Amino acid sequence: MAIRQIVKEGDPVLTKKCRPVEKFDARLAQLLDDMAETLHLANGVGLAAPQVGILRRAVIVDVGEGVIELINPKIIAFSGEQESLEGCLSCPGEWGITRRPDYVKVKAQDRNGNEFTVDGRELLAKAFCHELDHLDGIIYKQKAIRMLTPKEIEELG
Ligand code: ZN
């Protein structure tokens, strides 16, 4: 496994629409392993392939219950609403308030190409939405109700 560099906001790779993953091979497995290591080192809850410079529809999410790998994911159901704090490893030091569904169900493939569904509430639902947006070139800041001021960020600790 290896740490990959996380692309920062301003890099055009983060504004592009990703292509589907077609090959479920050793290279994909390597990418996912590297993304998990990179995510854990950065103490994040999710990472999308474009954030490490790969324009393919692959994301990982880990809200503290283990890594969930989502290949070619699609949101197939959602409900409710949550308004909460959101940040992104590609936008270090910044935080915003977003409005997201409180429940999200995702259909995806695993690293071997097998289809499955997974659902989540609260933080997990938010993470699914945030990471899937990256695959369409969207950063949460574009959807934020507002961004926190430097003083508010300081108060977060
Ligand atoms: Zn992000």
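For the structure given in this document, a descriptive report is provided here. All chains use their own residue numbering, which begins from 1 and follows the written sequence. Reporting of local features is limited, given that this is a predicted model, to residues whose pLDDT is at least 70; pairs of side-chain atoms are given and counted only at 80 or more, and all residues count toward the totals for whole chains, interfaces and linings. Hydrogen atoms and water are omitted, and side-chain values are computed over all heavy atoms in the structure.

**A few points about the overall build of the chain**
Check the secondary structure of the chain and you find 3 helices and 8 strands. Segments assigned H or I by DSSP are reported as helices when at least four residues long, segments assigned E as strands when at least two residues long, and all are numbered from the N terminus. When the elements of the chain are put in sequence order from the N terminus, they spell out α-β-β-β-β-β-β-β-α-β-α. Based on C-alpha atoms, the radius of gyration is set beside the globule rule, defined as 2.2 Å times the residue count to the power 0.38. Over its C-alpha trace the chain gives a radius of gyration of 15 Å, about what one expects of a compact globule, namely 15 Å for 157 residues. Expressed along its principal axes, the backbone C-alpha trace of the chain runs to roughly 45 × 35 × 30 Å. Across the 157 residues in the chain, those meeting the buried criterion constitute 44%. Note on exposure labels: buried denotes an accessible area under 20% of the residue type's maximum, exposed denotes more than 50%, and partly exposed covers the range between, all computed with a 1.4 Å probe on protein chains only.

**Concerning helix H1 (residues 26–42)**
In a helix, the anticipated span is given by 1.5 Å times the number of residues less one. An ideal rise of 1.5 Å per residue puts 24 Å on 17 residues; H1 measures up with 24 Å between its terminal C-alpha atoms. Buried residues of H1: Leu28, Ala29, Leu31, Leu32, Asp34, Met35, Ala36, Thr38 and Leu39, and no others. In this structure, the buried residues of H1 make contact with strand E1 (46–48), strand E2 (58–61) and strand E3 (68–79). One or two positions beyond H1, positive phi appears at Asn43, with a value near 60°. We call two residues contacting when some pair of their heavy atoms lies within 4.5 Å.

**Some remarks on the nonpolar core**
In plain words, nonpolar cores are sets of buried Ala, Val, Leu, Ile, Met, Phe, Trp, Tyr and Cys residues tied together by side-chain atoms within 4.5 Å. Counting residues in each nonpolar core, the largest one holds 16 residues, and the members touching the most others are Val59, Leu70, Val104, Val106 and Phe128. The biggest single contributor to this core is helix H2 (residues 122–134), with 6 residues. One finds Ile6, Leu39, Ala58 and Ile60 within the second-largest nonpolar core, a separate group that totals 14 residues.

**Observations concerning the sheet that holds strand E8 (residues 146–147)**
Reading across from one edge, E4-E5-E8 is the order of the 3 strands in this open sheet, with antiparallel pairing throughout. Single-partner strands in this sheet number two, and they are strand E4 (82–86) and E8. Between any two strands, at least two bridges found by DSSP are needed for them to pair. Examined bridge by bridge, E4 and strand E5 (residues 96–100) share 5 bridges and lie antiparallel to one another. If you follow Ser84 over to E5, its bridge partner there is Thr98.

**Topic: the side chain of Gln51**
On the secondary structure map, Gln51 appears in the loop between E1 and E2. Judged by its relative accessible area of 1%, Gln51 falls in the buried class. Ignoring anything within four residues of it in the chain, the contact list for Gln51 reads Gln5, Ile6, Val7, Leu14, Gly46, Cys88, Leu89, Ser90, Glu131 and His134.

**So, the sheet that holds strand E6 (residues 103–109)**
In space, the 5 strands of this open sheet follow the order E1-E2-E3-E6-E7, with antiparallel pairing throughout. Each edge of the open sheet is held by one strand with a lone partner, namely E1 and strand E7 (115–121). Strand-to-strand twist of the sheet, defined as the mean angle between neighbouring strand axes without regard to direction, takes the value 35°. For helices, the axis comes from a line fit to the C-alpha atoms of the stretch in contact; other axes are also lines fit to C-alpha atoms, and the angle between any two N-to-C directions lies between 0 and 180 degrees. Lying over the sheet, H1 contacts E1, E2 and E3, oriented at roughly 35° with respect to E2.

**As for H2**
Taking 1.5 Å of rise per residue, 13 residues should cover 18 Å, and H2 covers 19 Å from first to last C-alpha, within 8% of that figure. Those residues of H2 that fall on the buried side of the exposure criterion are Leu124, Ala125, Lys126, Ala127, Phe128, Cys129, His130, Glu131, Leu132, Asp133 and His134.

Any link to function would need more than the numbers given here.
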